[in-house]
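# Coordinates in review
One-letter residues, chain by chain:
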Amino acid sequence: MDFISILSIFVMACFVGYYVVWSVTPALHTPLMAVTNAISSVIIVGALIASAEAGSPAAKWLGLGAVVLASVNIFGGFAVTERMLAMYRKKDRPAAKGPRT
Amino acid sequence: MMLAPENTVDLSLAADAAHAVNPWVALAYLAAGVLFILALRGLSSPATSRRGNRYGMAGMAIAVITTLVTHSIASLPEILAAIAIGGAIGFVIARRIAMTAMPQLVAAFHSLVGLAAVLVAAAAFLNPAAFGILGLDGNILPVSRLELMLGAAIGAITFSGSVIAFLKLNGSLSGAAILLPARHWINLGTLAGILVLTVMFTHSPVGGPGENPLFWVVLGLAFAIGFLLIIPIGGADMPVVVSMLNSYSGWAAAAMGFTLHNTAMIITGALVGSSGAILSYIMCRAMNRSFLSVIAGGFGAEASSSGGEAREQRAYKQGSADDAAFMLKQAESVIIIPGYGMAVAQAQHALREMGDLLKEEGVSVRYAIHPVAGRMPGHMNVLLAEANVPYDDVFELEDINSQFAQADVAFIIGANDVVNPAAKTDKGSPIYGMPVFDVDKAKTVMFIKRSMGGVGYAGVDNDVFYMDQTMMLLADAKKMVEEINKALSA
């Protein structure tokens, strides 16, 4: 891919992000931060490439370090988001566990 | 020298060849990016949010597996061990963390993304061949140098800034604004240095793997500026800071995505970057302050020193838990306004119990949340959700502000500046123009506050304390609510 195609994807994604994020309800802004934090750890892709290739031992260890950090974020970020989202409840669903509403 | 243009053409062809990947791989990364968009889309309502989170997990799994499958992995055991270690740490933290500590946790997680970006950029700098960014002349391609330097610098700022934010939110570092002399000049100088040196690094003839030491210089300056930028910002401006760092972590990921020509990283980076930017904007708007004035820092530091002495003693009415319980029982409609003080006192569970007791008496109970209440966007909502308050009882500022005129009681717990009428009337006030709750329109105002001594973050006195219909409940928020509960159930 040439630079311009990549830049186009980036600019379009910024617009998508703009509209999607404005539609997020303010009550979920904290989970939004937690989940964006988890997905920005997609940087692990770069970390995996760095640690996969032979050639430079220093680069490999830097890569492995980044894999550990990004994994903390991925697992921690998604798990904590899941935990938070599970707490949001609608009204009038008393302690009796009936899925009927 | 005449050969130069042809040379660059050759180089970019070489780079393209390195990036010429299987279309299925490109599609897999695109699918991951789309799943991330759906993850955020799900957050438009609590009902769809959990499915959204699963989409996010699926996207991440696709991105990781695709990378592992398509690269000749020489060190799979090490990589799996690294994922297992990191994953276990993350999972345990996520399970154990208290909901009141969520702002610190998010700041800490941001710092990890920042540091990971720095490490990846450094690895790309040392071993550019692995990333397909090594030109035929043995130098790293100039455009890739720019991208990875930007990624490293933004990552470094995210890291050191988030560490400071974490320390402030965690209380390890004073939440007050810490002001260095001439800090604006130091900051601007450092920033200019980063930009100039980045350009020099990009255009330098010394561009081999790990060769140009300018990389490390820029990295060091970026770490320093992250630290310097956040240090002068006070505690209650943290919602803006945390959102801003969220945004930076996205831009860092996007910059690395440019280096790797990876669509998943670019889409995600753009999503996260705009998400953080929008949240910062919402927070600033809710305080009626410009982003620059928040970033410049120092808010509250000057105001509280000048406002402290000028305050005269004014008469106020103090009430007891029994008085409050009696009046609450008589009310038809109560609106509760929680603030950071509720989080500090961990009063959310007691508060929900109070709401339940009142509902049993037939009182309508609603919660009103200001966008900047707490230490991060949506902080109060999470705490109320944790305490099992149904989310359809919780309202945003615009949706409930017209209701105060009909409310019998406005019950303020741990909030202050967000109910201060000076924001509407006093042009000289540091919070003038900030949208606030019209609690003065309610028939009765109950104000839980530790003592009459302290004022809100902005350091301005609050006329609500001295209104005829205000009852000050001076105690720790949790204790006071528990006593009210006792009186209610008696």
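Being a predicted model, the structure only gives us computed values, none of them experimental.

### A short note on the overall build of chain B
Along the backbone of chain B there are 19 helices and 6 strands. When the backbone C-alpha atoms are referred to their principal axes, chain B occupies close to 85 × 50 × 35 Å. Counting over 490 residues, chain B shows a buried share of 57%. Long-range pairs, those at least 24 residues apart, make up 79% of the contacts in chain B with a sequence separation of at least 6. Carbon and sulfur atoms make up 63% of the accessible area of chain B, which amounts to about 19,200 Å² in all. Treating the 28 positive side-chain charges of chain B as one cloud and the 35 negative ones as another, the clouds have centres 4 Å apart.

### Observations regarding helix α4 (residues 57-87) of chain A
If you check α4 of chain A, its first and last C-alpha atoms are 45 Å apart, about what 31 residues at 1.5 Å a residue would give, namely 45 Å. α4 of chain A sits mainly inside the fold: 22 of its 31 residues count as buried.

### Structural notes on the pattern of salt bridges
Residues and elements named next belong to chain B. In this structure the tally under the stated criterion is 11 salt bridges over all chains. Put simply, D440 and K424 hold a salt bridge, and the shortest N to O gap is 3.7 Å. With D440 in the loop between α18 (422-425) and β5 (444-449) and K424 in helix α18, this pair connects stretches of sequence that are 16 residues apart. A residue is classified by how much of its surface remains accessible, and K424, at 37% relative accessible area, is partly exposed. Linking K441 and D438 is a salt bridge whose minimum nitrogen-to-oxygen distance equals 3.5 Å. Through salt bridges with shared partners, a single network forms among K424, D438, D440 and K441.

### With respect to the packing of aromatic side chains
Overall, the coordinates contain 15 aromatic pairs over all chains when judged by the stated rule. Each ring, one from W22 of chain A and one from Y281 of chain B, has its centre 6.1 Å from the other, and the planes form 75°; the classification is edge-to-face. Of the two residues, W22 of chain A sits in helix α1 (residues 3-22) while Y281 of chain B sits in helix α10 (residues 263-287), which places them in two different chains. By relative accessible area, which is 46% here, Y281 of chain B ends up partly exposed. Relative to W216 of chain B, the ring of F215 of chain B has its centre 4.9 Å away and its plane inclined at 85°; by these criteria the two rings are edge-to-face. For F215 of chain B, a relative accessible area of 0% translates into the label buried. The rings of F3 and F10 of chain A together with W251 and F258 of chain B are connected pair by pair, giving a single aromatic cluster. Across from the ring centre of W61 of chain A, 5.7 Å away, lies the NZ or CZ of K60 of chain A, which sits over that ring. Across from the ring centre of Y340 of chain B, 3.6 Å away, lies the NZ or CZ of R375 of chain B, which sits over that ring.

### Some points on the pairing of β5 of chain B
Residue and element names in this part refer to chain B. Along β5, 6 of the 6 residues are buried, which leaves the element largely enclosed by surrounding structure. Both faces of β5 are covered, namely the face carrying T444, M446 and I448 and the face carrying V445, F447 and K449. In this sheet, β5 lies alongside strand β4 (residues 409-413) in parallel orientation, the contact comprising 5 bridges. The partner of V409 across the bridge, within β5, is T444. In terms of strand pairing, β5 meets strand β6 (residues 470-474) through 5 bridges, oriented parallel.

### Some details on a negative patch on the surface
The grouping of D322, D323, E353, E482 and E483 of chain B at the surface amounts to a negative patch. As for its position among the elements, E353 of chain B is in helix α15 (residues 348-360).

### Focus on helix α3 (residues 46-70) of chain B
Residues and elements named next belong to chain B. Here α3 is 25 residues long and its end C-alpha atoms lie 37 Å apart, about the 36 Å a rise of 1.5 Å per residue gives. Within α3, the full set of buried residues consists of P46, S49, G52, N53, G56, G59, M60, A63, V64, T66, T67 and L68. Residue S45 occupies the N-cap position of α3, its side-chain oxygen lying 3.0 Å from the main-chain nitrogen of A47.

### Considerations on the packing of helix α7 (residues 183-203) of chain B against helix α8 (residues 214-230) of chain B
Residue and element names in this part refer to chain B. α8 packs onto α7 with a crossing angle of 155° between their chain directions and a minimal axis gap of 9 Å. Comparing their axes, α8 and α7 come out roughly antiparallel. Judged by the sense of rotation from one axis to the other, the crossing of α7 with α8 is left-handed. Counted together, I186, N187, T190, L191, G193, I194, L197, T198, M200 and F201 of α7 and L214, F215, V217, V218, L221, A222, I225, L228 and L229 of α8 form the full contact between these two elements. Considering only residue class, the contact of α7 with α8 consists of 15 nonpolar, 4 polar and no charged.

### Concerning the interface of chain A and chain B
Chain A puts 78 residues into the contact, and the matching count from chain B is 105 residues. Between chain A and chain B, roughly 8,300 Å² of surface is buried when both sides are summed, and carbon and sulfur atoms account for 76% of that area. The largest contributions to the chain A side of the interface with chain B come from M33, I43 and R83 of chain A, which together make up 9% of the buried area. Connecting chain A to chain B are 3 salt bridges. One salt bridge connects E82 of chain A with R50 of chain B, and the closest N-O pair in it is separated by 3.6 Å. Viewed at the interface, chain B and chain A are joined by 19 residue pairs in polar contact (both at pLDDT 80 or more). Contributions of two or more residues to the side of chain A that touches chain B are made by α1, α2 (29-40), α3 (44-52) and α4 of chain A. At 28 residues, α4 of chain A tops the list of elements feeding residues into the side of chain A that touches chain B. Along the lines of polarity and charge, the residues of the side of chain A that touches chain B split into 52 nonpolar, 19 polar and 7 charged.

### Some remarks on the confidence of the model for chain B
All names here are of chain B. Averaged over chain B, the pLDDT score is 86; the fraction of residues at 70 or greater is 90%. Every residue in residues 1-18 is under pLDDT 50, and counting partners more than four places away or in other chains gives 10 contacts. Overall, residues 301-310 carries pLDDT values under 50, and its contacts beyond four positions in sequence, including any with other chains, amount to 8 contacts. Scoring of the predicted complex yields 0.86 for pTM and 0.89 for ipTM.

### Describing the nonpolar core
Residues and elements named next belong to chain B. Formed by 197 residues in total, the largest nonpolar core has its most connected members in F411 and I484. The dominant element in this core, judged by the number of residues it contributes, is helix α5 (residues 102-126), at 16 residues. Setting aside its immediate chain neighbours within four residues, F411 contacts L328, V334, I335, I336, I337, L351, M354, M446, I448, L473 and I484.

### Concerning a nonpolar patch on the surface
Together, F3, I4, L7, V11, F15, Y18, Y19 and W22 of chain A together with V143 and Y281 of chain B give the surface a local cluster of nonpolar side chains, amounting to about 970 Å² of exposed area. Per element, the largest residue contribution to the nonpolar patch is 8 residues, and it comes from α1 of chain A. Considering the arrangement of structural elements, one finds V11 of chain A in helix α1. When its relative accessible area of 34% is taken as the criterion, V11 of chain A is described as partly exposed.

What counts as what
Residues numbered from 1 in each chain as written. Chains lettered and ligands numbered in written order. Predicted model: local features only at pLDDT ≥ 70, side-chain atom pairs only at ≥ 80, totals over all residues. Heavy atoms only, no water. Helix = DSSP H or I, 4+ residues; strand = E, 2+ residues; numbered from the N terminus. Buried < 20%, exposed > 50% of the residue type's maximum accessible area, 1.4 Å probe, protein only. Contact = heavy atoms within 4.5 Å. Areas by Shrake-Rupley, 256 points an atom, 1.4 Å probe, with all protein chains shown as cover. Lys, Arg positive; Asp, Glu negative; His and termini not counted. Charge placed at Lys NZ, Arg CZ, Asp CG, Glu CD. Expected span 1.5 Å × (residues − 1). Salt bridge = Lys/Arg side-chain N within 4 Å of Asp/Glu carboxyl O. Phe/Tyr/Trp six-rings, centres within 6.5 Å; stacked < 30°, edge-to-face > 60°. Lys NZ or Arg CZ within 6 Å of the ring centre and 35° of its normal. Pairing = 2+ DSSP bridges. Patch = residues over 30% accessible without salt bridge, like charges linked within 9 Å, V, L, I, M, F, W, Y side chains within 5 Å. Polar contact = N/O pair within 3.5 Å; in protein donor to acceptor, adjacent residues only side chain to side chain. Axes fitted to C-alpha atoms, helices over the stretch in contact; angles between N-to-C directions. Parallel < 35°, antiparallel > 145°, perpendicular 65-115°, else oblique. Left-handed = near helix turned anticlockwise from the far one by under 90°. Nonpolar A, V, L, I, M, F, W, Y, C, P; charged D, E, K, R; others polar. Buried area = accessible area lost by both parts, 1.4 Å probe. pLDDT = per-residue confidence, 0-100. Core = buried A, V, L, I, M, F, W, Y, C linked by side-chain atoms within 4.5 Å.

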